[in-house]
Amino acid sequence: MKYLEIIVIAIVFAFSVGCQEAKVVEVPLPSAIQQVSVETAKTEIEAKKAQFIDVRSPEEFNAEHAAKAVNIPLETVETELVNLDKSKPVYIICQTGRRSQIASETLEKNGFTQVFNVQGGTNAWTKAGYPTEKR
């Protein structure tokens, strides 16, 4: 009789452990966002006819921006995704690289696979002596 009790307890234990909800561990996917220097960005934008987006405010953009950049303020990036081509590289710049990183993450979450954050932003662009425009 003692053996029967031990077997029943073992079976109940096995089922209770085996029937517990499995813990799901989410493993982040590798990020498609690449950090690039202004030197690399300038070369690649010219060579690949890539999309070049400045996510600063219109006032900042109008004061001075990297030549050939198009202004899509950070707060409108998600609504402007329809105007971007997912099949082409997208280089994103802001003043220092923080807002462009946020915008890059938004693009990545929406299926863009060739996303490049320009490190140092417009500050680094102008410091390197690259062409800028004013409006």
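Everything discussed here concerns the structure shown above.
As the structure is a prediction and not an experimental result, all values here were calculated from the model.

Criteria and thresholds
Residues numbered from 1 in each chain as written. Predicted model: local features only at pLDDT ≥ 70, side-chain atom pairs only at ≥ 80, totals over all residues. Heavy atoms only, no water. Helix = DSSP H or I, 4+ residues; strand = E, 2+ residues; numbered from the N terminus. Buried < 20%, exposed > 50% of the residue type's maximum accessible area, 1.4 Å probe, protein only. Contact = heavy atoms within 4.5 Å. Polar contact = N/O pair within 3.5 Å; in protein donor to acceptor, adjacent residues only side chain to side chain. Arc of directions from axis to C-beta. Salt bridge = Lys/Arg side-chain N within 4 Å of Asp/Glu carboxyl O. Phe/Tyr/Trp six-rings, centres within 6.5 Å; stacked < 30°, edge-to-face > 60°.

Caption draft 1: Inspection of the environment of E60 at higher detail. Assignment of secondary structure puts E60 in helix α3 (residues 58-63). On the basis of relative accessible area, E60 is assigned to the partly exposed category, the value being 25%. Separated by 34 residues in the primary sequence, E60 and C94 have C-alpha atoms spaced 9.3 Å apart. When sequence neighbours within four positions are dropped, the list of residues in contact with E60 reads Q95 and R99. One polar contact links the side chain of E60 to the main-chain amide nitrogen of S57, over a distance of 3.0 Å.

Caption draft 2: Inspection of helix α2 (residues 38-48) at higher detail. All buried positions along α2 are accounted for by V38, A41 and I45. Seen from one end, α2 has its buried residues packed into an arc of 55°, which puts them on one side. Phi turns positive, to about 50°, at K49, one or two residues after α2.

Caption draft 3: Spotlight on the pattern of salt bridges. Applying the stated criterion across every chain yields a total of 4 salt bridges. Between E46 and K42 there is a salt bridge, and its shortest N-O distance comes to 3.1 Å. Of the two residues, E46 and K42 both sit in helix α2, 4 residues apart, roughly one turn of that helix. On the accessibility criterion, E46 (41% relative accessible area) is partly exposed. The partner of K48 in a salt bridge is E44, and the shortest N-O contact between them spans 2.9 Å. Separated by 4 residues within a single helix, K48 and E44 lie in helix α2, roughly one turn from each other. Owing to a relative accessible area of 22%, E44 belongs among the partly exposed residues under this scheme.

Caption draft 4: Structural context of the packing of aromatic side chains. Scanning the model with the defined rule gives 3 aromatic pairs in all. Here the aromatic rings of F52 and W125 are separated by 5.4 Å at their centres, their planes lie at 40°, and the arrangement is tilted. In this pair, F52 is assigned in strand β2 (residues 51-54) and W125 in helix α6 (residues 121-127), connecting sequence segments 73 residues apart. Each member of the pair, F52 together with W125, is buried. Taken together, a centroid distance of 4.5 Å and an interplanar angle of 10° make the contact between Y91 and F116 stacked.

Purely spatial values, then, with no claim about function.
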